[in-house]
Amino acid sequence: MQWICDCLRCELRDVTGEWVEKQARKHLGLETGRVRHVKMYALSRELPRETLERLAEKGLRDPVLSRVFVCAMPDIPDVASFVLVGKMPGVTDDEGLSAQLTLADLLGGAPVSGEQYVHSSDLYLVERALPEDALAALGREFLGNELIHEIRFGARDRLEPYCPEVRCEADTQVELVDLDLSDAELLALSRRRVLSLSLAELKAIRKHYETAGTRERLAAIGRGPQPTDCELEVLAQTWSEHCKHKEFNALIRFHDDDTGDAVSVDSLFKTCIKGATETIAQRLEAAGQHWLVKVFSDNAGLVALDQDELLAFKVETHNTPSALDPYGGAITGILGNNRDPLGTGRGGGRLLFNTNVLCFGPPDYGEKLLTGQLHPRRVFEGVRLGIEHGGNKSGIPTVNGAIVFDDRYAGKPLVFCGTGGIMPASYGDRASWEKEVNAGDCIVMAGGRVGKDGIHGATFSSVEIDRHSPRTAVQIGSPFTQKLLSDFLHVACERGLVSCCTDNGAGGLSSSVGELASICGGATVDLERVPLKYTGLKPWEIFVSESQERMTLVVRPEKMTQLLELARRLDVELSHIGDFNDSGLLEVRYGSLPVASLDMEFLHEGVPRKHMTARWSRAVPAPFLAPGNVDWTDALHRLLGSYDICSREAVIRQYDHEVKGKTVVKPLMGPKGKAPQDAAVMRLSHTHFRGIAISNGIAPHYGDIDPYRSSAAAFDEAVRQIVAVGGRLPDLAGRRPVVWSATDNFCMPDCEHDPVDNPDGELKLGKLVRMCQALYDMSLTYNIPMTSGKDSMKNDYRRDGTRISVPPTVLYSMVCGLDDVRRAVTTELKSAGDLVYVLGETHDELGASAFARLFGCKGGIVPEVRGEDAVALYRLVAEANEEGLIESCHDCSE
């Protein structure tokens, strides 16, 4: 085996090594002595010695800071032990791939070089001779994750380089799955295959394959009447809670236990979320305002900032993967969400900003960890690093966010990733927001290659974490690959080479091709044409894998040559994997081998509708029990230092919020750059001063007392943050349009009632109904439309006979257009002698407050949003801002 070691010169400070020393001492009680970090590159392909040395010297070594060693270990003195951490076979290794591409550049070869053969790992050389159990704890607790990493350790004389090798036996067999089973056997099949299908859904699939029409169609192509493994997997991905939002579209019988009334809610999404936006759209139309362009029907919501530019905005969650591998879950979450605005309409929007809102267990969480549960401190650091790498390495500023702590997030963190992008209103003579797919168009996969990572991502995210959770669901994002893909797509769409596109997110090709094919009526895919990271994947695995950094493009045949040439010049791998048609079928093959033949209508419309029951009781609030003999100065200090209120500077400083040079109001401002801000403000262009404000609102703790007020408070907080920086509420009086775009993200524990496993499921669903009713009321009160959103259900962690469930949580993220960013208002006090005013009234509403949580105070009521008063106040604040009367402004929240 050949390898290269790259390390700092011995006389230089090793910050990474110092971090390891600190973590070992603080959390494990280990005295490691000095720790030195070494980056290792191992090759699974033999290269001439002079080529290897050229890569080391010209491609890897920093001539000022580092030394390189070719096929030799570093000559660092006073080292007794080591920990070596490398990616497991098949896990994305961006640094290794970057080194391989660098080698191709040095040799003048093709930049897209196919299968990876340069692999990176991290070596930590430890001064003291530590026992193996101590080294193992250091590696597993802080340096790696056994889910995705190979972790080796021991005495220095046992140190050898590590090179992952994927060993998959070639298997193109297509299995027919017998569904003629008992109810118990059907459910066992679903668990074994990680399908996350209910008994009703499994029976619906069985019934479909028993119909005469399906039997005749399959018999005509030489098939038996059973579904193939691929067909079953595609149905599971497409019908997953993650993709179909079955509980938000369920028919819910809602019981009010106080009044005895019962009403039917025909889809929370249609009645509360979409219903509110449709009403606002009618109001806008009546006012002659037409800035609401496209909502709920594409990857991101679209609003018109002016006649030339559209804003695409989307926020998603990546909770389950982040619980298993915090770094991989977070970086994949932010990169995956980037692809939503990128793949909206015809595609090619330019990404402008990222946001992140994170909910964790407290860093000092003291409960005994369940089997497989990671400590919240480790989750926090891994997620933070993943967001840093996902945004910073993609050249997208992270401008806004929040962090919430609660013991109930210790099982599953909530990781909300938001992205906004700017699209031209048209490409030539064609509207940019339209998706155009015609029979005969080419199906083109662009970007990364396919591996086992990400298999069952959609179905896995639709269930609680337990011992059946699959390793293959974890993915590692590659920001460099995606940046190349993003730049390529901008140019391709501007030149009219792409009819439209979508991202390969949940369900991989099965979802992206399936969704696009629903526009024209059918598609045929040849999986043998799909480029793989390594050999040995089964056909169904290729089709449903969610391996990252991939988009599916729709291309007219006559434009393929130009598109392929552009991709070659911009280092992006393209593959023509099939064609769209109007057959009414999604047909998949592997060469000449039939793999799947699915009826399009059944695929998208055949899922049985859920019927659920919800209950709610408006309990009379108990009086607020304040503590006695409080030292109020000490109480203030404790509040300011509490996890929910203390400074986020240590996190904010890790994110690049300056890249692109358009961030006007940053997360921290003021003369010393330490004053936290409310909403972010960004310029849209360097050629004018129009811009946008970006905010978020979240208040999950209020939901312990009143879920309606919790949701309303979160909505109002997001609005207030934008008003505080100079934004105005929508103006339907025709003075001038004020454009808003809002997204909702509901994250709930399991709401499906089960008398044994989930006896309070009806109450949890009742809370969700109340939260959605608040969304409806607040949206109409402020005339702020919801343009996109995402729900995440079943946020539970169950092992060892214990369940940890998140509190019902909703995040509202909002963007508002600003006429002139130079008039934005910031929070920091500007001058001695300025007067300080509190606007609005203070009520006896301390229930579930930060003070109540810190001092263990029970009872009380939570703040109520008094909508009419709020609208009147926010309009006055906007007028005062326009008159230049306000020097500083800050919203009152925690």
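All values derive from a computational prediction rather than experimental measurement.

Conventions adopted
Residues numbered from 1 in each chain as written. Predicted model: local features only at pLDDT ≥ 70, side-chain atom pairs only at ≥ 80, totals over all residues. Heavy atoms only, no water. Phe/Tyr/Trp six-rings, centres within 6.5 Å; stacked < 30°, edge-to-face > 60°. Helix = DSSP H or I, 4+ residues; strand = E, 2+ residues; numbered from the N terminus. Buried < 20%, exposed > 50% of the residue type's maximum accessible area, 1.4 Å probe, protein only. Lys NZ or Arg CZ within 6 Å of the ring centre and 35° of its normal. Axes fitted to C-alpha atoms, helices over the stretch in contact; angles between N-to-C directions. Parallel < 35°, antiparallel > 145°, perpendicular 65-115°, else oblique. Contact = heavy atoms within 4.5 Å. Nonpolar A, V, L, I, M, F, W, Y, C, P; charged D, E, K, R; others polar.

Student: Describe the packing of aromatic side chains, naming the residues involved and giving the relevant values.
Tutor: Here the structure, examined in full by the defined rule, presents 13 aromatic pairs. Between the aromatic rings of Phe360 and Phe380, the centroid separation amounts to 4.8 Å while the plane-to-plane angle is 20°, which identifies the pairing as stacked. In this pair, Phe360 is assigned in strand β12 (residues 350–360) and Phe380 in helix α13 (residues 376–392), connecting sequence segments 20 residues apart. With relative accessibility at 1%, the residue Phe360 sits in the buried group. Taking the relative accessible area as the measure of exposure, Phe380 reaches 16% and is therefore buried. Ring plane angle 50° and centroid distance 5.8 Å describe the contact between Phe380 and Phe405, whose orientation is recorded as tilted. With Phe380 in helix α13 and Phe405 in strand β13 (residues 398–405), this pair connects stretches of sequence that are 25 residues apart. By the burial criterion, Phe380 is buried, and Phe405 matches it. The ring of Phe855 carries Arg638 above its face, with NZ or CZ at 4.6 Å from the centroid. The side chain of Arg822 reaches across the aromatic face of Phe689, ending 3.8 Å from its centre.

Student: How would you explain unusual backbone geometry if you had to name every residue and give the values?
Tutor: Trans peptide bonds make up the majority, and among non-glycine residues the majority have a negative phi. We note that Asp78 has phi near 55°; this positive angle belongs to a residue other than glycine. Relative to the helices and strands, Asp78 resides in the loop between β3 (66–70) and β4 (81–87). Given the relative accessible area of 60%, Asp78 is considered exposed. Unlike most non-glycine residues, Lys660 shows phi in positive territory, near 85°. Looking at where Lys660 falls in the secondary structure, it is placed in the loop between α21 (649–652) and β25 (663–665). Residue class for Lys660 comes out partly exposed when judged on its relative accessible area of 34%.

Student: I'd like to hear about the packing of helix α5 (residues 183–192) against helix α6 (residues 199–210), residue by residue, with values.
Tutor: Helix-helix packing is characterised by the crossing angle of the two axes and by the distance between the axes. Orientation of α5 relative to α6, taken along the N-to-C sense of each, is 100°, at an axis distance of 10 Å. It follows that α5 is roughly perpendicular to α6 by the angle criterion. For the pair α5 and α6, the contacting residues are Asp183, Leu186, Leu187 and Ser190 in the first and Leu199, Leu202, Lys203 and Arg206 in the second. When its residues are assigned to classes, the contact of α5 with α6 shows four nonpolar, one polar and three charged.

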